[in-house]
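Analysis of the macromolecular model
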Amino acid sequence: MTALGLCAGFASASPLGKVSSHRPRLSVGPRALARVEGLAPGDRAERTLELRYRGRFAAVMLRTRTSGSSLLRSNATGLRLVVERCSKRWTRKRGTRSYSCRGKRWSVLKTIRVSGKRKLKLKHLSRRAGRTDHLRLTVSLPRAAGNASQGQTTRVAYRLIGVAAG
Amino acid sequence: MRRHTLTPGATTNKVIASIAVLCAAAAIAGLGTFATFTSSTSTSHTIASGTLSLTSGPTNRLGTGASAIAAGDTMQRAIDLNYAGTVDLGSATLTTNATTSTALDTDTTDGLQLAIDKCSVAWTEAGPPYTYTCSGSTSSVLASRPLVGSNVALSNLTLTAGSTDHLRVTVTLPSTAGNSLQNLSSTVGYTFTGVQRAGTSQ
């Protein structure tokens, strides 16, 4: 940051002229997803996201973080996540919180443990300036989760990290 | 002959020139590293699992025994099953086991038989000896079968979280029971087990 700040100041007085950069920006909406209640083993909860690009990105990664002391965070029987993309907005099925895709559908991220801490590269995203990707997150509780997983709560944060294209 | 004299001003000029060179290099380097710019954004939500609960009461007469029963006698006992959790049940089963066993429970033909009915409202109790009538509608939860059994499926239960089923358990000593079943005593335990509904989208 120091180097860039010096450069900008220095460049304005140089034959190169003013140097400015437009940082590519990734944004997601909504910032807060609807709460999931009463999840039982074998249940799934679907939520949709709009991922917007200002600038081009070479890659987008996802990192999930869970908080709270809960068996929902366990590796063996904790929450699982799948991410898919639809070429059109996901359509909510009447009277449910399920969403269907009326366009082309891609698998963005195959089943992972929500409690995993690794950054995972997302596939089949457009990553182009001005575009919006329509994503569906499906969180599920494995059927193997037993009685000990009852009445548990955890907060899940999804952080999407974009690496700008050169 | 030209002489080079180092003056304070000259030094300052050299330092400025050096900074300029450094900054030019940094500017070029900065342009080159634009490819590593990153941007992040985040969203979150809270996820809570539900609870599944199967309890009995307030009515529960299953602990009340019967003595001196004869062939052809029946014993009726009421029990309320409560589905107190937040997750609906998909099914319920009954396991009955004899902790003190005699031919009363091992003779599957002439020994004790079990049937269970449900009333849409609480059973009206009379006695003891207890008998029950239903002022609502009745349905069969378990057709007559030998008293002892494992994971026997129950039918027509509500199973919805927050609801209660009013059951009447009827134990009968068949009229075909012979003298060999006289003066015997069995102790039978009842275990109701609920299993959650199938997975759904929440």
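A brief structural summary.

Rules used in this analysis
- Residues numbered from 1 in each chain as written.
- Chains lettered and ligands numbered in written order.
- Predicted model: local features only at pLDDT ≥ 70, side-chain atom pairs only at ≥ 80, totals over all residues.
- Helix = DSSP H or I, 4+ residues; strand = E, 2+ residues; numbered from the N terminus.
- Buried ≥ 20, exposed ≤ 12 C-beta atoms within 10 Å, placed from the backbone.
- Contact = placed C-beta atoms within 7 Å.
- Nonpolar A, V, L, I, M, F, W, Y, C, P; charged D, E, K, R; others polar.
- Pairing = 2+ DSSP bridges.

**Re the overall build of chain A**
A count of helical and extended segments in chain A gives 1 helix and 11 strands. Sequence-ordered secondary structure for chain A, helices as α and strands as β, is α-β-β-β-β-β-β-β-β-β-β-β. The buried share among the 166 residues of chain A stands at 34%. Partitioning the contacts of chain A with sequence separation of at least 6, the portion at a separation of at least 24 is 76%.

**Overview of the overall build of chain B**
A count of helices and strands for chain B gives 2 helices and 11 strands. Helices (α) and strands (β) of chain B occur, in sequence order from the N terminus, as α-β-β-β-β-α-β-β-β-β-β-β-β. By the burial criterion, 25% of the 202 residues in chain B qualify as buried. Within chain B, residue pairs in contact and separated by at least 24 positions form 78% of the contacts whose partners lie at least 6 positions apart.

**Some thoughts on the interface of chain B and chain A**
How large an interface is tends to be reported as the accessible area lost when its parts come together. Contact with chain B, which involves 32 residues of that partner, is made by 60 residues of chain A. Within the residue set of the side of chain B that touches chain A, elements represented by two or more residues are helix 1 (8-32) and strand 1 (38-49) of chain B. Sort the elements by how many residues they give to the side of chain B that touches chain A and strand 1 of chain B lands first, with 12 residues. A breakdown of the residues in the side of chain B that touches chain A according to their chemical character gives 13 nonpolar, 19 polar and no charged. Where strand 2 (residues 36-39) of chain A lies against strand 1 of chain B, 2 bridges are found, and the strand directions are parallel. Pairing of A:Val36 across the sheet is with B:Ile47, part of strand 1 of chain B.

**Brief notes about the sheet that holds strand 2 of chain A**
Spatial strand order, 2(A)-1(B)-11(A)-4(A)-9(A): 5 strands in an open sheet with mixed pairing. Looking along the sheet, the strands with just one partner apiece sit at the ends: strand 2 and strand 9 (120-121) of chain A.

These values are about where atoms sit, not about what they do.
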